[in-house]
Amino acid sequence: MITLTINDKEITLEKPVTVLEAAKQAGIKIPTLCYHEAVKPFGGCRLCVVEVERMPRLQTACTLTAADGMIVRTESETISRVRRGILEFLLINHPLDCPYCDKAGECELQDLVKKYGPTVGRFKEEKRRVPESHKDQILARNMERCVVCTRCVRMCNDVQGASAISIMGRAGYSRMEPFSSASFNCEYCGNCLTVCPVGAILSRLYIHSFRPWQVDREVETVCSYCGVGCSLVVQVRDESIKRVIPKIGFGLNKGLLCSRGRFGYEYINSPDRLKTPLVRKNGKLEESTWSEALTIIADKLTKIKKADGGSAIAGIASPRCSNEDNYVFQKFMRMACGTNNIDSISRTGFAAAQKYFEDVLGQGITANIIEGLKNSETILVLGGDPTAINPILGLSIREAARRGAKIIVLGNAKGLERFKTLQLVPEVFKEADLLDALLVEISHAKGVRGEISAIDKGIRMLSEKSAGNKNVQGFDELKNILMSSPSTSIVLGMDIVQRTDGHRALFAIAGLTYLLEARLYLLSEKPNEQGLIDAGCVPDMLPGGRPLSIHDFKRKFEDLWNGAIPEDDGMTLFEIIEGARGNKIKALYLMGENPVFNLPGKFYIKESLKALDFLVVQDIFLTETAEIADVVLPALGWTEKTGTYTNLERRIQLQKKAVEVSHGMEDWRIISEVSNKMGYRMDYAESKDIMDEMAKVSPLYRDLTYREISYGNCLWPYLGEPLRGEISEVPEASYVANQYKEDFYLSVEKPLYHSGTLSRRSPALLKMYPEPALKVGAKSAEKLGLNEGDRVQFFTQTGSREAAVSIDESIKDNRVYFSNNFQGDGVYSLMTCNIDKVTKAPGIEGCEVKIKKL
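Treat the numbers as computed from the prediction; the structure is a model and nothing was measured.

Reading the values: the criteria
- Residues numbered from 1 in each chain as written.
- Predicted model: local features only at pLDDT ≥ 70, side-chain atom pairs only at ≥ 80, totals over all residues.
- Heavy atoms only, no water.
- Helix = DSSP H or I, 4+ residues; strand = E, 2+ residues; numbered from the N terminus.
- Rg over C-alpha atoms; globule rule 2.2 N^0.38 Å.
- Buried < 20%, exposed > 50% of the residue type's maximum accessible area, 1.4 Å probe, protein only.
- Contact = heavy atoms within 4.5 Å.
- Pairing = 2+ DSSP bridges.
- Axes fitted to C-alpha atoms, helices over the stretch in contact; angles between N-to-C directions.
- Lys, Arg positive; Asp, Glu negative; His and termini not counted.
- Salt bridge = Lys/Arg side-chain N within 4 Å of Asp/Glu carboxyl O.
- Polar contact = N/O pair within 3.5 Å; in protein donor to acceptor, adjacent residues only side chain to side chain.
- Phe/Tyr/Trp six-rings, centres within 6.5 Å; stacked < 30°, edge-to-face > 60°.
- 1 Å grid on protein atoms, 1.4 Å probe; cavity = no way out; pocket = protein on both sides within 12 Å on 5 of 7 lines; lining within 4 Å.
- Points joined across faces, edges and corners; volume = space filled by probe spheres on them.
- Nonpolar A, V, L, I, M, F, W, Y, C, P; charged D, E, K, R; others polar.
- Domains from an automatic or database assignment.
- Buried area = accessible area lost by both parts, 1.4 Å probe.
- Core = buried A, V, L, I, M, F, W, Y, C linked by side-chain atoms within 4.5 Å.

Q: If you had to explain the overall build of the chain to someone new, which residues and values would you point to?
A: Scanning the chain for helices and strands turns up 25 helices and 37 strands. Compactness check: the chain gives a C-alpha radius of gyration of 29 Å against a globular reference of 29 Å for 854 residues, within 12% of the reference. The buried share of the chain, taken over its 854 residues, is 63%. Nonlocal contacts in the chain, meaning residues at least 24 apart in sequence, comprise 72% of its contacts between residues at least 6 apart.

Shown next as structure tokens:
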């Protein structure tokens, strides 16, 4: 224990901290400009100077470690005179344009000058002149206001790891500049905005549009994009979102945001939003009333149920909807429609992988804290770039690298290029072969663990087959690193899952997790992929991960729901699509999803859905799927409703309503209205009532309340009971014999600045990445004679597209990448797929592409 005295107040510390932090803990404020809790102490501005007994000179509180018996004074005439002098020096060059500056009202320099002076300036030197820069479409720079605190540079280098800016010039000419003169050309996280104490860096999204004191309210909520679930603060004026900012130290992201979270909110105010229900009449979608639309849906579903049975109806839920929305949706499908045909787009990756791992290793195997990555000794990354898919999780990997962790990349991960220790590039689409060999080698060295017999048996069978391929550069080094690591984490993206034999790689990863006792993380592209699984939007599980096949679980839900649940497991996503094409599925209800655009084989999917007798879509935009629907219902989006979301750590968080709107209804309320019209009563006044029911019926959510969730520490298994048990046998692996000898293959790009199709409605994100580009590796570009920006046409068996070329040196194999985020035909429209017989995920590997320079 450390005891010191600050301003005659005795303070006891449990661990060594700086004097500045000790004072903060005691509620004593020491002024600073260069210090910020998100970056390392610097001691540059000298405003935090304090007097320490028995020390001859003033000391900087931000760099001085508190010691036992220390006596500190933070305010005196001497200290005030020094601070006043420092501020006077700063104001020599700092313009006095507070009435014009957007930072007025939240400017730290303004506050300090108000408290400490000086009232007049004694220096007659002419102020420096630096032209304000608006060359960048997102960030504006006014270096006349810069006080050279270097917060932005330290944030960019030491925390974000982007190293996109630096201090240029010397003495009075020092200023922050990006390395590219025209624009920042960076990751556009905007975290430099968070730490800038003055108006030197500003967002052009809201510049000159409002003042901080004109904000009507601030609402703490969570981000609507990826599965990390970052906490943020929404600032609202006139029922419109004006700005999204982080709160330092708040949430699992600790005040850091990515480009999507900070700048991607504008889609919610898009003029393209659905405002009224649409009903197809005479072949065209026409505006209708809620009463008419809901009655048509209820009558049509009831008619199909009576004529063909509940199994002729299916539903596709959404990982963008809340736990409450998804819980009510699956309850509606099972009780009102009489079907277990419930799945989601997450079947294409996350849901397939999560089910496989939990079947093999037990429930909760992927429920690992993101912060834990920073303390890992070794991190194996495969199947995608975490810095693009889940950027804040990616920052934890970068931080681990700075702390000395070994970062191993299997495949391509551009955001980890400067942080990786080792990169292995296996033969294209043959990652499973390398992983098989790695598992066999490590099992030979470590021996049988003996805790899960099914995995031990599967590894033994793999060894007997002498499976795998270890003839990959870096294989032995990889094996040695993993064998010697006391703490290993495995970070898995969904690219490896989307293989016809994806289950092979999943077993190898499960085996490595088991033998190395590693933490396993699944990258998640949508905000509630885990939540919709836990809520029961899968064909074989009830809410809380209770198998439908276990009679006792099923009976408990039937008693509480007052009705019978269908006996048999339902269809998975692609089985539903096939069922629609084969006329087994007559009606399909889509909640917040767009399969025509978001699944491989666009034209096949579209024709399948057109074969339905009845298609309902509820969404916030008229999507490609909604355009062919019989009824379209306008739902509410992010910040327009309250609900809970479960992130990839399995942390449940509360997304709060921030704005009032006159159009649309909550997804759960729409479903409840339809259910009531079909004769199955659902009476919920607000989303809290749904969570209360979930806590009552599901052992996993037992005793959970919004109050408990709002604290932000609601981690799996919460207050409930996870299901314990293990499988008796690992599904037999299927081997794909393809050799993949073509020149180039098309794969899906997961860009940092876009996510799904919401981001294409965000003007700011479109400025960062305005149109899709064909990403090509340097070797491939040289082989094709392509340069950056060249226009090409590329062809697959199902179609062609034109695009500009973007050369990406992080791509080491013969794949080229195209995104599926922009208006028009995305990469999935150029692909077909085979289905993995074990995971039911689509295999999209091996899409041969021909490229022609225009």
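Q: Describe the sheet that holds strand β16 (residues 342–344), listing the residues and the values that go with them.
A: Spatially, the seven strands line up as an open sheet ordered β14-β13-β26-β25-β24-β15-β16, and their pairing is mixed. In this open sheet, the two edge strands, each paired with only one partner strand, are β14 (284–287) and β16. For this sheet, the mean angle separating the axes of adjacent strands, direction not counted, is 20°. Where strand β13 (residues 278–281) lies against strand β26 (residues 631–634), two bridges are found, and the strand directions are antiparallel. Paired with Val 279 across the two strands is Val 631, which belongs to β26. Where helix α7 (residues 290–308) meets the sheet, it contacts β13, β15 (313–317), β24 (587–591), β25 (614–619) and β26, and its direction lies at approximately 130° from that of β26.

Q: Tell me about the side chain of Arg 320, and please be specific about residues and values.
A: Turning to its location among the elements, Arg 320 is positioned in the loop between β15 and α8 (323–336). No salt bridge forms around the buried Arg 320; measuring N to O, its nearest opposite-charge neighbour Glu 593 is 6.7 Å away. Within the structure, the side chain of Arg 320 is placed 3.0 Å from the backbone oxygen of Ser 224, a separation counted as a polar contact. Sequence-distant contacts of Arg 320, that is, excluding residues within four places in its chain, are made with Ser 224, Tyr 225, Lys 526, Pro 527, Tyr 645, Ser 755, Gly 756 and Leu 758.

Q: Which residues make up the packing of aromatic side chains, and what values go with them?
A: The way to describe two aromatic rings as a pair is by their centre distance and the angle between their planes. In this structure the tally under the stated criterion is 15 aromatic pairs. For the pair Phe 429 and Tyr 745, a centre-to-centre distance of 5.4 Å together with 80° between the ring planes defines the contact as edge-to-face. Of this pair, Phe 429 sits in the loop between β19 (422–424) and α12 (431–446) while Tyr 745 sits in strand β30 (residues 745–748), and the two are 316 residues apart along the sequence. Classification of Phe 429 as buried rests on a relative accessible area of 7%. For the ring pair Phe 794 and Phe 818, a centre distance of 5.0 Å and an interplane angle of 65° mean the geometry is edge-to-face.

Q: For the layout of surface pockets, give the residues involved together with the corresponding values.
A: Reported here for the second largest pocket is a volume of approximately 1300 Å³. For the lining of the second largest pocket, the elements supplying multiple residues, two or more each, are α1 (19–25), α3 (108–116), α5 (191–195), β9 (201–203), β10 (217–222), β11 (231–237), β12 (240–245) and α6 (259–263). Element by element, the count of residues in the lining of the second largest pocket is highest for α3, at five residues. Class assignment of the residues belonging to the lining of the second largest pocket gives a composition of 23 nonpolar, six polar and 16 charged. Here the lining of the second largest pocket gathers at least three residues from each of two domains, domain 1 (2–75) and domain 2 (124–269).

Q: Let's hear about unusual backbone geometry: which residues, and what values?
A: That bond from Gly 117 to Pro 118 is cis: its omega, 0°, falls within 30 degrees of zero. Note on placement: Pro 118 falls in the loop between α3 and β6 (139–141). Note the cis peptide between Trp 716 and Pro 717, where omega equals 5°. Its place among the elements puts Pro 717 in the loop between β29 (714–715) and β30. In this structure, Asn 185 is a non-glycine residue whose phi angle is positive, near 45°.

Q: If you had to explain the pattern of salt bridges to someone new, which residues and values would you point to?
A: Following the criterion strictly, the structure yields 54 salt bridges and no others. The salt bridge involving Asp 325 is made with Lys 641; its shortest N-O contact spans 2.7 Å. In this pair, Asp 325 is assigned in helix α8 and Lys 641 in the loop between β26 and β27 (643–646), connecting sequence segments 316 residues apart. Here Arg 403 ties to Glu 399 by a salt bridge, and the two come within 3.0 Å at their closest N and O atoms.

Q: So what's going on with the domain arrangement of the chain? Which residues, and what values?
A: Think of interface size as the accessible area that goes away when the parts come together; that is how it is often given. Domain parsing of the chain yields domain 1 (2–75), domain 2 (124–269), domain 3 (278–346 + 528–642 + 661–680) and domain 4 (744–853). Centre-to-centre, using C-alpha coordinates, domain 2 lies 40 Å away from domain 3. Contacts between the two partners involve 12 residues from domain 2, matched on the other side by seven residues from domain 3. Buried area between domain 2 and domain 3, both sides added, is near 700 Å², and the carbon and sulfur share of it is 65%.

Q: Break down the sheet that holds β11 for me, citing the residues and quoting the values.
A: Neighbouring strands of a sheet are bound in pairs by backbone hydrogen bonds; such pairs are parallel or else antiparallel. Strands sit in the order β10-β11-β12 across an open sheet of three strands; the sheet is antiparallel. The open sheet is flanked by β10 and β12, the only strands paired with a single partner. With strand direction ignored, the average angle separating the axes of adjacent strands in the sheet is 30°. Here β10 pairs with β11 via six bridges, running antiparallel. Bridge assignment links Arg 217 to a residue of β11, and that residue is Val 236.

Q: Give a detailed account of the nonpolar core, specifying residues and quantitative values.
A: With 206 residues, the main nonpolar core has Leu 301, Phe 332, Phe 357, Leu 393 and Tyr 589 as its most contacted residues. Ranked by residues supplied to this core, first place goes to helix α15 (residues 502–516) with 10 residues.

Q: Outline the pairing of β27, supporting the account with residue identities and numerical values.
A: Burial along β27 is two-sided: Gly 643 and Tyr 645 facing one way and Thr 644 and Thr 646 facing the other are all buried. For β27 and strand β28 (residues 651–655), the ladder comprises four bridges, and the chain directions are antiparallel. Across the sheet, residue Tyr 645 finds its bridge partner in β28, namely Gln 653. In this structure, the hairpin formed by β27 and β28 is closed by a connection of four residues, where Arg 650 is found at a positive phi of approximately 75°.

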